[in-house]
Amino acid sequence: DGGITQSPKYLFRKEGQNVTLSCEQNLNHDAMYWYRQDPGQGLRLIYYSQIVNDFQKGDIAEGYSVSREKKESFPLTVTSAQKNPTAFYLCASSPRGWAKNIQYFGAGTRLSVL
Amino acid sequence: GIQVEQSPPDLILQEGANSTLRCNFSDSVNNLQWFHQNPWGQLINLFYIPSGTKQNGRLSATTVATERYSLLYISSSQTTDSGVYFCAVEETSGSRLTFGEGTQLTVNP
């Protein structure tokens, strides 16, 4: 089935630890996005990538890093510099052309601090 | 950057009732989407509607781009309609979506 797969579903981070969230899509979409959602709030953009080997910071990129080595993969690393990482993380992708930026979402990863 | 305001923030309905959710935005847009987030967190794209009116079953949406607002109508609501409804817009000069804070809808049996 075509779609966006995020893993793991739940993740726990210890103090000072870096953790990596996986996002894979088989929709052949060019653009991919990472969002953070805190309880009762909307989505805030962390990073986005419109093409392989290129990515841009969103509104809250501090403490996060990404890579885009393959079209289908856009992993997000939450570094130890992110002091408040507990949140729900959502990955999305969108195609090019007329449907540019119609975004489709994965099921999310819930990150908590131990 | 563009501002997106959704109202009401919370809405409680009895099953079978109709409702209207509103999204106001502060600048011209070339992309507006409505999403439903279910209680497990999954976001589902309901409508891509930068202008005009669309209908899909019991849901319909209208965007009046010149007046910078969009409306989402839910008719004959069901308990499965519960969740958070988000409006997201892309500025004409931009390449990313900006989300509103959402409307939390609860439909009681």
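Look a little higher up for the structure.
### A look at the overall build of chain A
Working step 1: Secondary structure summary: chain A contains 0 helices and 11 strands in total.
Working step 2: Each helix (α) and strand (β) of chain A, taken in turn from the N terminus, gives the series β-β-β-β-β-β-β-β-β-β-β.
Working step 3: The C-alpha radius of gyration of chain A comes to 13 Å, within 12% of the 13 Å expected for a compact globule of 114 residues.
Working step 4: By its C-alpha atoms, chain A is 40 × 25 × 25 Å across when sized along the principal axes.
Working step 5: The proportion of buried residues among the 114 residues of chain A is 51%.

### A few points about the interface of chain A and chain B
Working step 1: Between chain A and chain B, the residue contacts involve 22 residues of the former and 19 residues of the latter.
Working step 2: Interface area, chain A with chain B, both sides summed: about 1600 Å², of which 47% is carbon and sulfur.
Working step 3: Across the contact surface, chain A and chain B share 1 salt bridge.
Working step 4: The closest approach of N and O atoms between Arg 96 of chain B and Asp 59 of chain A, which form a salt bridge, is 2.8 Å.
Working step 5: Counting the contacts that link chain A with chain B gives 5 residue pairs in polar contact (both at pLDDT 80 or more).
Working step 6: A total of 4 residues in the side of chain A that touches chain B trace back to one element, the largest contributor, which is strand S5 (residues 43-51) of chain A.
Working step 7: Of the residues in the side of chain A that touches chain B, the class split is 11 nonpolar, 8 polar and 3 charged.

### Considering the pairing of strand S3 (residues 19-25) of chain B
Looking along a regular strand, one sees the side chains alternate between the two faces of the sheet.
Residues and elements named next belong to chain B.
Working step 1: Judged by which residues are buried, S3 turns out to be one-sided: Ser 19, Leu 21, Cys 23 and Phe 25 face inward and are buried, whereas Thr 20, Arg 22 and Asn 24, on the alternate face, are not.
Working step 2: As paired elements, strand S1 (residues 4-7) and S3 share 4 bridges and run antiparallel to each other. From the neighbouring strand, Val 4 faces S3, where its bridge partner is Phe 25.
Working step 3: Note: S3 against strand S8 (residues 69-74), 6 bridges, orientation antiparallel.

### A short note on the packing of aromatic side chains
Working step 1: Summed over all chains, the structure comprises 10 aromatic pairs over all chains.
Working step 2: Ring centres 6.4 Å apart and planes at 25 degrees place the aromatic pair Tyr 33 of chain A and Tyr 35 of chain A in the stacked group. You'll find Tyr 33 of chain A and Tyr 35 of chain A in the same group, each marked buried.
Working step 3: With 6.3 Å between their ring centres and 80 degrees between their planes, Phe 86 of chain B and Phe 99 of chain B make a pair best called edge-to-face. One end of the pair, Phe 86 of chain B, is in strand S9 (residues 83-91); the other, Phe 99 of chain B, is in strand S10 (residues 98-99), with 13 residues separating them in the sequence. Of the two residues examined, Phe 86 of chain B and Phe 99 of chain B, each falls in the buried class.
Working step 4: An aromatic cluster of three or more residues is present, and its members are Tyr 33, Tyr 35, Tyr 48 and Phe 105 of chain A together with Phe 35, Phe 86 and Phe 99 of chain B.
Working step 5: Against the face of Phe 88 of chain A rests Arg 110 of chain A, its NZ or CZ located 4.1 Å from the ring centre.

### Describing the nonpolar core
Working step 1: Counting 22 residues, the largest nonpolar core has Trp 34, Leu 72 and Val 89 of chain B as its most contacted members.
Working step 2: Listed by contribution, the elements that provide at least two residues to this core are strand S2 (10-14), S3, strand S4 (29-37), strand S5 (43-48), strand S7 (59-64), S8, S9 and strand S11 (103-108) of chain B.
Working step 3: With 20 residues, the next largest nonpolar core counts Val 19, Tyr 64, Leu 76 and Tyr 89 of chain A among its residues.

What counts as what
- Residues numbered from 1 in each chain as written.
- Chains lettered and ligands numbered in written order.
- Predicted model: local features only at pLDDT ≥ 70, side-chain atom pairs only at ≥ 80, totals over all residues.
- Heavy atoms only, no water.
- Helix = DSSP H or I, 4+ residues; strand = E, 2+ residues; numbered from the N terminus.
- Rg over C-alpha atoms; globule rule 2.2 N^0.38 Å.
- Buried < 20%, exposed > 50% of the residue type's maximum accessible area, 1.4 Å probe, protein only.
- Contact = heavy atoms within 4.5 Å.
- Buried area = accessible area lost by both parts, 1.4 Å probe.
- Salt bridge = Lys/Arg side-chain N within 4 Å of Asp/Glu carboxyl O.
- Polar contact = N/O pair within 3.5 Å; in protein donor to acceptor, adjacent residues only side chain to side chain.
- Nonpolar A, V, L, I, M, F, W, Y, C, P; charged D, E, K, R; others polar.
- Pairing = 2+ DSSP bridges.
- Phe/Tyr/Trp six-rings, centres within 6.5 Å; stacked < 30°, edge-to-face > 60°.
- Lys NZ or Arg CZ within 6 Å of the ring centre and 35° of its normal.
- Core = buried A, V, L, I, M, F, W, Y, C linked by side-chain atoms within 4.5 Å.

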